[in-house]
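In case you want the letters, here they are:
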Amino acid sequence: MNTNLKISNVTKIYPGCVANDNVSLEFNSGKIYALLGENGAGKSTLVKILSGVIIPDEGKIYLNENNLKLNSPLDAKKNDIGMVFQHFNLFETLSVFENLIIDSDEQRESLREKIDTIIKKYNFSIDLDIPVLNLSAGQKQKVEIIRCLIRSPKVLIMDEPTSVLTEQETSELFLSLKKFSEEGILIIYITHKLKEVMQLCDEVAVMRRGKLVSVSEIKNENIESLANKMVGQNLKTIKKKKAKTSSDQLIKITNLNFTSEDPFETNLMDINFSVNRGECLGIAGISGNGQSELFQVLSGEIISEKNSIEFNNNYIGDLSPQERREYLMAFSPEDRLEQAAIPQMKIFENVALNNFKSSNFFNNGLINENKIKEHSKKIISDFNVNTDNIELKSQFLSGGNLQKLIIGRELITSPDLLICFNPTWGLDVGAINYIHETLIKINEQNKSIILISTDTDELLKLSDKISVIHKGKLSTIMNAEEVTSEKLGILMGGAN
Amino acid sequence: MIKIVKRDQPSRAIFFFTPVLAIFLTLVAGGLIFFILGFKPFEALKFFFIVPIADKYGFSELLLKATPLCLIAIGLSFCFKSNNWNIGAEGQLTFGAIVSGGVALLFYEQEGFYILPIVILAGAIGGMLYASIPAILKTYFNTNEILVSLMLVYVSKLILDYLVVGPWSNPEGFNFPETRQFSDSAKLPLLFEGLRIHAGIFLALAAVVISWFVFYKTYLGFQMKVSGFSLKTARYAGYKGKKMIILVFLISGACAGLAGVGEITGPIGQLHREISPDYGFTAIIVAFLGRLHPVGIIFASLVVAITYLGAETAQIFMQIPKYTGQVFQGMILFFLLASDYLLFFKIKFIGSKK
């Protein structure tokens, strides 16, 4: 049976922002649709409208010519619209089976049969009776998908489903999605990853600033054309020149261990690596495998044994972040809003967070505001931060501009080593490009980078050497040219 | 048609305007309440807000009430600006008063210029000690400072109760729940003959200046601010975030303790059961009404102090309970929080088109 889903003139306005501006789209079963757009383009709002979480100000939704009234997620379920969110809605301590039956009023036995058939049919390897907390992210996602399939949906919406998956899990997911589509389920796939759209989808709708900018068939598009539509301008492609092989060692980590008292943190075991001048070492891994702990140990937020970190022929393992900065290290943490900057404080105050002795921000315990402001203005112009008001609270900067400010703040002291953790996470393509260019420039100036990232493409683009972190252990360090994303995926999943 | 639009950034002018708006709305609502109670609204408001401060004595009383409010609110502003929700200033005031009162009683029947500074210092230390409890529990055991500091208020009041009824009660006091009178050397000097306003006001003014300087001009103040917003950021910047939290609690406790000293070594000159008409709680309103800014707090403490005086005149002249004062304090906070909506949103009036 053919399914037809029509969005007609949907508008949703928030104070100060038009999230969806008169969006009309039509979907037919048998095809996989991509909904593509940068963060804030309005795609999440649109799918939330489809799944009943948000009620639009104007516009209608038709499923097979029937006008749907979606006032709650329950209405969407009743109308055979299934949705798998980016963040899982599962009870960690309940078993898989219990999670699956929790919102159903069918009989346990008949449901169990139904679930077993689904699992067999799609070759999902999941034990129904173990608690969800023992599952990998990929398996958890399958549980969410099964939960939708139980209701035999006509429409299945997937919101950024691969952000937590390994390469292998991603291809498994794609196989399943293709199968669902062949069986007549209409699939809408939300993402900002262009490569996935090219691999998986048949048609693509691109959104920008709340508006639908194009609907086209994938065969008429390529990655560059989609990227340009998404950003609304022509992007240049960045390529890193092969680094001059230097053998001048800058930082060396020897037998570094970290044991946490917090059960939600990962212990680091026997970390060994070194980085030469002018090199970028990429550290790949699925999030939650010890990256955050590794960053903190390297930045000095967590103190370790003095001899475990040797930087520029000094042992600095027991020094605080501020002391390490004086040895010309710089840090850009993952969390822009909660760690690297304080959104409620002004731009120039955020600049003062990187207090380098020679920048004289504070004299005899007093704030030297003029100096900080002068410095801030330089960062803003040197690093293309799109504002001219350094008195602005930084919460009013976009993610990209805030990240430029942070990277700028760290780099303006011309450090020998920059350690950054997911520097482009959640940014739009334009900002990502800028940050990537900046990082390449640092290497060209014979300065080094340790890039901890969960984005494999980014790592392959920028790194000279790559290692993978899994459950707090580093893999052997490989030359970037010899590495493929498939190989990284296998290591990220924990295999050798 | 009325439309609500989000501001691109909070308006600076509105930031200072909303407290004024809140006071205006409080007056309107207060007038309305008086009207419903059967009074002439304007006359009643006059009794409440103008009559009490119309003469020299009234004005002195206003400053007398504003002094502890200002002092405590200044201390609280350190906590609140760094996101530490110390709402137990009343307890810190009480404990500060207990310690300084205890020291003052030690010097009973003694004279000397050195006594008053010791008594004042003891009050500050008492407040700090008491504030360090929620601070240490928060930083090292992750407890919620709101609950801990609030509960400790009642503990301190019970300690005070026990002391003035039991071991510290005046042997010649016919079992009244109060201590001996302190010696004159342990009392803050009165500023004018016949008026109750005392030297405690200088402590408050000094606190205003020092807090402004520390918070806006020093590296220490900057670190306190950062630590308050995010301990993670403080750690990343290399600050000792936990120490900063404890420090703001200590400052806040010291200020409340000093307010306690002012209450017992001022006109009263002894410890008794009710040393504070909830100054510690009312000061929370003062701190927010003053926008956590030292100068704002001076004005706010004067405005809120009037509600104390007005409540008393209203009780005398209009036979309404003095708790009306608390009604007004509540309304000020209520309207302030409500009008803060205007910081982020503006109201647009659009003429109907069709």
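Residues numbered from 1 in each chain as written. Chains lettered and ligands numbered in written order. Predicted model: local features only at pLDDT ≥ 70, side-chain atom pairs only at ≥ 80, totals over all residues. Heavy atoms only, no water.

**What to know about the nonpolar core**
Counting residues in hydrophobic clusters, the biggest one holds 90 residues, and the most contacted among them are B:Phe34, B:Leu69, B:Ile72 and B:Leu76. It is helix α3 (residues 56-81) of chain B that contributes the most residues to this core, 12 residues altogether. What B:Ile72 contacts, discounting residues up to four positions off in sequence, is B:Ala89, B:Leu93, B:Ala256, B:Ala259, B:Tyr279, B:Gly280 and B:Ala283. In terms of nonpolar packing, the next biggest core, distinct from the first, is built from 56 residues, A:Ile342, A:Leu427, A:Ile440 and A:Ile442 among them. (Core = buried A, V, L, I, M, F, W, Y, C linked by side-chain atoms within 4.5 Å. Buried < 20%, exposed > 50% of the residue type's maximum accessible area, 1.4 Å probe, protein only. Helix = DSSP H or I, 4+ residues; strand = E, 2+ residues; numbered from the N terminus. Contact = heavy atoms within 4.5 Å.)

**Focus on the sheet that holds strand β12 (residues 268-276) of chain A**
All names here are of chain A. Spatially, four strands are ordered β12-β11-β14-β15 in an open sheet, and the strand pairing comes out antiparallel. At either end of the open sheet lies a strand with only one pairing partner, and these are β12 and β15 (314-315). Pairing between strand β14 (residues 309-311) and β15: two bridges, direction antiparallel. Considered in β15, the bridge of Phe311 is made with Asn314. Sitting on the sheet, helix α9 (residues 291-299) touches β11 (249-258), β12 and β14, and the angle it makes with β12 is about 60 degrees. (Pairing = 2+ DSSP bridges. Axes fitted to C-alpha atoms, helices over the stretch in contact; angles between N-to-C directions.)

**Some words on the interface of chain B and chain A**
Facing the 23 residues of chain B at the interface are 29 residues of chain A. Considering only the side of chain B, the residues that lose the most area to chain A are B:Tyr219, B:Phe222 and B:Tyr236, jointly responsible for 32% of the buried surface there. Remark: the boundary between chain B and chain A carries three salt bridges. Residues B:Lys232 and A:Asp335 are paired through a salt bridge, measuring 4.0 Å at the closest nitrogen-oxygen approach. Across the chain B-chain A interface, the total number found is 14 residue pairs in polar contact (both at pLDDT 80 or more). The leading source of residues in the side of chain B that touches chain A is helix α8 (residues 219-229) of chain B, at six residues. (Buried area = accessible area lost by both parts, 1.4 Å probe. Salt bridge = Lys/Arg side-chain N within 4 Å of Asp/Glu carboxyl O. Polar contact = N/O pair within 3.5 Å; in protein donor to acceptor, adjacent residues only side chain to side chain.)

**Concerning a nonpolar patch on the surface**
Residues and elements named next belong to chain B. There is a patch of nonpolar side chains on the surface, built from Ile2, Ile4, Tyr341, Ile347 and Phe349 and spanning about 540 Å² of accessible area. Among the secondary structure elements, those contributing two or more residues to the nonpolar patch are β1 (2-6) and β2 (345-349). Mapping Tyr341 onto the fold places it in helix α14 (residues 341-344). (Patch = residues over 30% accessible without salt bridge, like charges linked within 9 Å, V, L, I, M, F, W, Y side chains within 5 Å. Areas by Shrake-Rupley, 256 points an atom, 1.4 Å probe, with all protein chains shown as cover.)

**Details of the domain arrangement of chain A**
Residues and elements named next belong to chain A. For chain A, the domain assignment lists domain 1 (4-231) and domain 2 (249-492). Put simply, the middle of domain 1 and the middle of domain 2, counted by C-alpha atoms, are 34 Å apart. Contact with domain 1, which involves nine residues of that partner, is made by 13 residues of domain 2. Between Lys195 and Asp457 there is a salt bridge whose closest N-O contact spans 3.2 Å. Seen at the junction of domain 1 and domain 2, the total is two residue pairs in polar contact (both at pLDDT 80 or more). For the side of domain 1 that touches domain 2, the elements supplying multiple residues, two or more each, are α6 (167-182) and α8 (223-231). Considering only residue class, the side of domain 1 that touches domain 2 consists of three nonpolar, three polar and three charged. (Domains from an automatic or database assignment. Nonpolar A, V, L, I, M, F, W, Y, C, P; charged D, E, K, R; others polar.)

**Some points on the pattern of salt bridges**
Two side chains that carry opposite charge are able to pair once their charged atoms sit near each other. Applying the stated criterion across every chain yields a total of 31 salt bridges over all chains. Across the pair A:Arg277 and A:Asp248 runs a salt bridge whose closest N-O atoms are separated by 3.2 Å. One end of the pair, A:Arg277, is in the loop between β12 and β13 (280-284); the other, A:Asp248, is in the loop between α8 and β11, with 29 residues separating them in the sequence. Given the relative accessible area of 40%, A:Asp248 is considered partly exposed. Among the ionic pairs, B:Asp161 bridges to B:Arg273, the shortest N-O distance being 2.9 Å. Placement of B:Asp161 in helix α6 (residues 145-165) and of B:Arg273 in the loop between α10 (241-268) and α11 (279-289) is noted, with a sequence separation of 112 residues between them. In this structure B:Arg273 comes out as partly exposed when scored by relative accessible area, which is 42%.

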